[in-house]
Amino acid sequence: MIKNSVLLITMLLLSYGFWISSDFKTVIAGISIFLFGMLSLQQGFRTFTGGILEKVLKAITNSLPKRLCFGVITTMMMQSSSLLSVLVISFISAGLLDLAAGIGIIFGANLGTTTGAWLVAGFGIKVKISAYAMPMLVFGVLLVLQKSKNLQGLGYVLTGIGFLFLGIHYMKEGFDAFKGTINLTDYALTGFIGLIVFVALGVMATIIIQSSDATMVLIITALASSQITYENSLALAVGANIGTTVTAILGSLSANIKGKRLAGAHFIFNVFTAMVAIIFMKQFIWGVDWFCLQVGIAADDYTLKLAAFHTLFNVVGISVMLPLTKPLARLLERLLVDKVGAADKANFLTASALQFPDTAVEAVRKETEHLYNNTIHLILKMMGLHRREVFSEQNLDDVIKQYQQIPDYNLDDAYEYSFKGIYSEIIAFISQARFSWELKQSGRLHWLREANLKLAESIKASKHLQKNLQKSSVSHNIHLKQQYDNVRVQVADLIRKLEIIKSETAVSELPLLSQDMLKARLKEQNQVLLETIEKLIREHKITPEMGTSLMNDSAYVYDIQANLMSMAATVFVNYSVETINVERKIALTDTELLQVINPQNREDLID
Amino acid sequence: MNKVKLLAKLEDFFDTDDKKNVEQIESVLIKLKNKLIKIQRRITQCKNEAYKTALQLEAEVLVAQIEKGENFLKMLHQSK
């Protein structure tokens, strides 16, 4: 309601402005075209880079200078820090980047945005750039209409730059035309009050326009047309730096707590830098004059001096804040506390993770791991066991002896409470993500969806097993009881081993082939169990009815184990290992594994 | 650059995937063989029968994997 009212009032005010002044209309149209150009440029980079940004981002997390350079160069190329902010927030939310690394990139992006001011002040104002805009728009639109994604991307980049140039041209035209009718410098304010008022105006303008780059261009064009004083333009630039954090804060609303922390860091950095600039404004002005004298910028070239000021106060801010990156990250972690993830709700499937293919895949992988934790909790409870003993180093036979009686456990309710909700959310998220991109990541998402299905199947098998397992725990037939206890040991043993594999994801050598050992052992255990059952029936130690139930249940046990193993092969294996494709080819099939465990083939192999 | 050199370079370029595959299989085979040697050593030293059986199964899986890998490598060489 409030949002709609604000929009309506803004539109009415703009309409009134257009009615009373055609020059005002030209300036506002210039801003709109400039913003549209930025959107087009971002769209172009998204299509054109096709995941390159994400790859580079993953590779540069290890060093601060690399992060800074990445922030500077990317923002310089895209002339907007918004896309980079969204990218970094998504990566942090998905856990692919830590907060300190994200802060480094955001610092770099802040410096990168200052290059825009240099370009506009040095080139945009002094050259008739609308002449360059027209051919760019023509070629850009031609390329956008092509089928090839790369050409389309290039087309969006060209139309984006074309619109940026056209926007600057209209802003300049509008302010130039103002000169004849109104002189805004009549409203100029001096002293500390002037500084504060114009900082506030800069903040407001940036919040309304939602882009500090567009505000900077507006300030530069107004300054070039002498519609504002140099001192007031410096204050406006400081305000634009504070106002831009609003975009980051709005972007972080759809992110999890990690993304919110980064937006917090961005806010603290920009507000701190602005404070430094306000307090030491006189020193900054002196510093800019000195710098311009050294590099040969004329004393009355105020647009370039503004660009120099913009860069200088950002450089000072970064120099002061850079050594404080880690303490700042720690402070934000303490201030914005991560709530303990609810067991029955999805913790990683945020809207911001959906923004990029890599972050979506990582979010689904982590959520599947979360669902796996819930699944093993259900399976262990169904067998009357607890995580703490199973994950300890205690002998599993002793653990089973400790919990002879299997208490009642409503598996249906537990499934509804701690499995189905998350499972449904994962499937919905994957459908949304697969709809958004037709990239190779959609293959990985397919396998993750299968992994979730395997977890559901393992619970289904547990449900079938539960009744007889409970009955056996109070059975007077010692042989039957012993076999069911063996079953519990086998399932618990696999869960224990998977926990070890899970924690070794990053370091395991030949991760996929190592799982063949476990698979072979499961098959062998199953075979031994079936042979034992036959023997017990033969020796009349259990009735044939008991034997058939046990045989059916051994199939369910194998289902539970095989499904958990299959899930682990997708979720716990480090797929970035270079040899993973070769491992896939060498990994043994079910038939090959059966041949291996066949006792006749076993002799003479170890010579 | 003469035609023969150019053709050789082109052939190399199109063969890169196969070459990479061969190198990776060879490196995986080396790792598997090293693993097998270690397990064989543990089998000879092991006195616990149950543990020995488990180790033997691991060794058998490794042997099967090595065999499969070597066959795959042969196939790649033959297809050249």
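Residues numbered from 1 in each chain as written. Chains lettered and ligands numbered in written order. Predicted model: local features only at pLDDT ≥ 70, side-chain atom pairs only at ≥ 80, totals over all residues. Heavy atoms only, no water.

Asks: Explain the overall build of chain A to me, please; I cannot follow it from the model alone.
Replies: The helix and strand tally for chain A stands at 26 helices and 0 strands. Of all 607 residues assigned to chain A, the portion counted as buried reaches 51%. (Helix = DSSP H or I, 4+ residues; strand = E, 2+ residues; numbered from the N terminus. Buried < 20%, exposed > 50% of the residue type's maximum accessible area, 1.4 Å probe, protein only.)

Asks: Can you help me understand the overall build of chain B in this one?
Replies: Along chain B, the regular secondary structure elements total 2 helices and 0 strands. Put simply, 62% of the contacts in chain B that link residues at least 6 apart link residues at least 24 apart. When the accessible area of chain B is evaluated, it comes to approximately 5600 Å², of which 56% is carbon and sulfur surface. (Contact = heavy atoms within 4.5 Å. Areas by Shrake-Rupley, 256 points an atom, 1.4 Å probe, with all protein chains shown as cover.)

Asks: Help me understand the nonpolar core, please; the structure alone is not making it clear to me.
Replies: All names here are of chain A. Formed by 64 residues in total, the largest nonpolar core has its most connected members in Val-364, Tyr-372, Leu-385, Ile-495, Leu-498, Leu-564 and Met-567. Here this core gets 11 residues from one element, more than from any other, and that element is helix H17 (residues 357-382). Core analysis: the second largest hydrophobic core is formed by 58 residues, Ile-28, Leu-166, Val-203 and Ala-235 among them. (Core = buried A, V, L, I, M, F, W, Y, C linked by side-chain atoms within 4.5 Å.)

Asks: Whenever I open this one, helix H22 (residues 478-503) of chain A confuses me. Can you help?
Replies: Given 3.6 residues per turn, any residue in an α-helix points the same way as the ones three and four places further on. Taking 1.5 Å per residue, 26 residues should reach 38 Å; H22(A) reaches 37 Å between its end C-alpha atoms and fits that length. Residue Asn477(A) occupies the N-cap position of H22(A), its side-chain oxygen lying 2.9 Å from the main-chain nitrogen of His479(A). (Expected span 1.5 Å × (residues − 1). Polar contact = N/O pair within 3.5 Å; in protein donor to acceptor, adjacent residues only side chain to side chain.)

Asks: How do you make sense of the pattern of salt bridges when you look at a structure like this?
Replies: Opposite charge on two side chains lets them pair, provided their charged atoms get close. Evaluation of the coordinates by the stated rule reveals 14 salt bridges over all chains. Here Glu499(A) makes a salt bridge to Lys502(A), at a shortest N to O gap of 3.6 Å. Of this pair, Glu499(A) and Lys502(A) both sit in helix H22, 3 residues apart, which is roughly one turn of that helix. Taking the shortest distance from any N to any O, the salt bridge between Glu592(A) and Lys68(B) comes out at 3.0 Å. Pair noted here: Glu592(A) is in helix H26 (residues 590-597) and Lys68(B) is in helix H2 (residues 49-78), and the two residues belong to different chains. Looking at Glu592(A), the relative accessible area reads 25%, which means it is partly exposed. Salt bridges sharing common partners tie together Glu362(A), Arg365(A) and Glu369(A). (Salt bridge = Lys/Arg side-chain N within 4 Å of Asp/Glu carboxyl O.)

Asks: How should the interface of chain B and chain A be read in this particular structure?
Replies: Interfaces are often described in size by the accessible area the parts lose on coming together. Facing 26 residues of chain B, the contacting portion of chain A comprises 24 residues. Summed over both sides, the interface between chain B and chain A buries roughly 2400 Å², with carbon and sulfur atoms accounting for 69% of that surface. There are 2 salt bridges connecting chain B and chain A. For the pair chain B and chain A, the interface holds 6 residue pairs in polar contact (both at pLDDT 80 or more). Every element with two or more residues in the side of chain B that touches chain A is listed here: helix H1 (3-45) and H2 of chain B. (Buried area = accessible area lost by both parts, 1.4 Å probe.)

Asks: Please clarify how helix H15 (residues 302-321) of chain A should be interpreted in this entry.
Replies: Taking 1.5 Å per residue, 20 residues should reach 28 Å; H15(A) reaches 28 Å between its end C-alpha atoms and fits that length. Buried residues dominate H15(A), accounting for 14 of its 20 residues.

Asks: Is there a simple way to think about unusual backbone geometry in this case?
Replies: Note: most residues except glycine have negative phi, and most peptide bonds are trans. Residue and element names in this part refer to chain A. At Ser-226, a position not held by glycine, the phi torsion is positive, near 55°. When you line up the elements, Ser-226 lands in the loop between helix H10 (212-224) and helix H11 (230-243). Its relative accessible area of 45% is what places Ser-226 among the partly exposed residues. You will see that His-540, though not glycine, has its phi angle at about 55°, which is positive. Along the chain, His-540 falls in the loop between helix H23 (511-538) and helix H24 (544-571). For His-540, a relative accessible area of 73% puts it in the exposed group.

Asks: In this structure, what is going on with the packing of aromatic side chains? I would like to understand it.
Replies: Ring pairs (aromatic) are described by centroid distance and by the angle formed between their planes. Residue and element names in this part refer to chain A. In this structure the tally under the stated criterion is 10 aromatic pairs over all chains. Put simply, the rings of Phe-284, Phe-309 and Phe-313 pair up and form one aromatic cluster. In this structure, Lys-305 is placed above the aromatic ring of Tyr-230, and the distance from its NZ or CZ to the ring centre is 5.1 Å. (Phe/Tyr/Trp six-rings, centres within 6.5 Å; stacked < 30°, edge-to-face > 60°. Lys NZ or Arg CZ within 6 Å of the ring centre and 35° of its normal.)

Asks: Quick question: what am I supposed to make of the environment of Ile580(A) here?
Replies: Residues and elements named next belong to chain A. Examined against the element boundaries, Ile-580 turns out to sit in helix H25 (residues 580-586). Among the residues examined, Ile-580 registers a relative accessible area of 5% and is labelled buried. Placed 68 residues apart in sequence, Ile-580 and Leu-512 show a C-alpha to C-alpha distance of 7.2 Å. Each residue touching Ile-580, except ones within four places of it in the same chain, is listed here: Pro-511, Leu-512, Val-573, Asn-574 and Tyr-575.

Asks: Help me understand the side chain of Asn270(A), please; the structure alone is not making it clear to me.
Replies: Residues and elements named next belong to chain A. Checked against the element boundaries, Asn-270 lands in helix H13 (residues 257-279). Only 2.8 Å separates the side chain of Asn-270 from the side chain of Asn-110, close enough to count as a polar contact. A polar atom in the side chain of Asn-270 sits 2.6 Å from the backbone oxygen of Asn-241. Among all residues touching Asn-270, those that are not within four sequence positions of it are Asn-110, Asn-241, Ile-242, Thr-244 and Thr-245.

In short, shape yes, function no, at least from these values alone.
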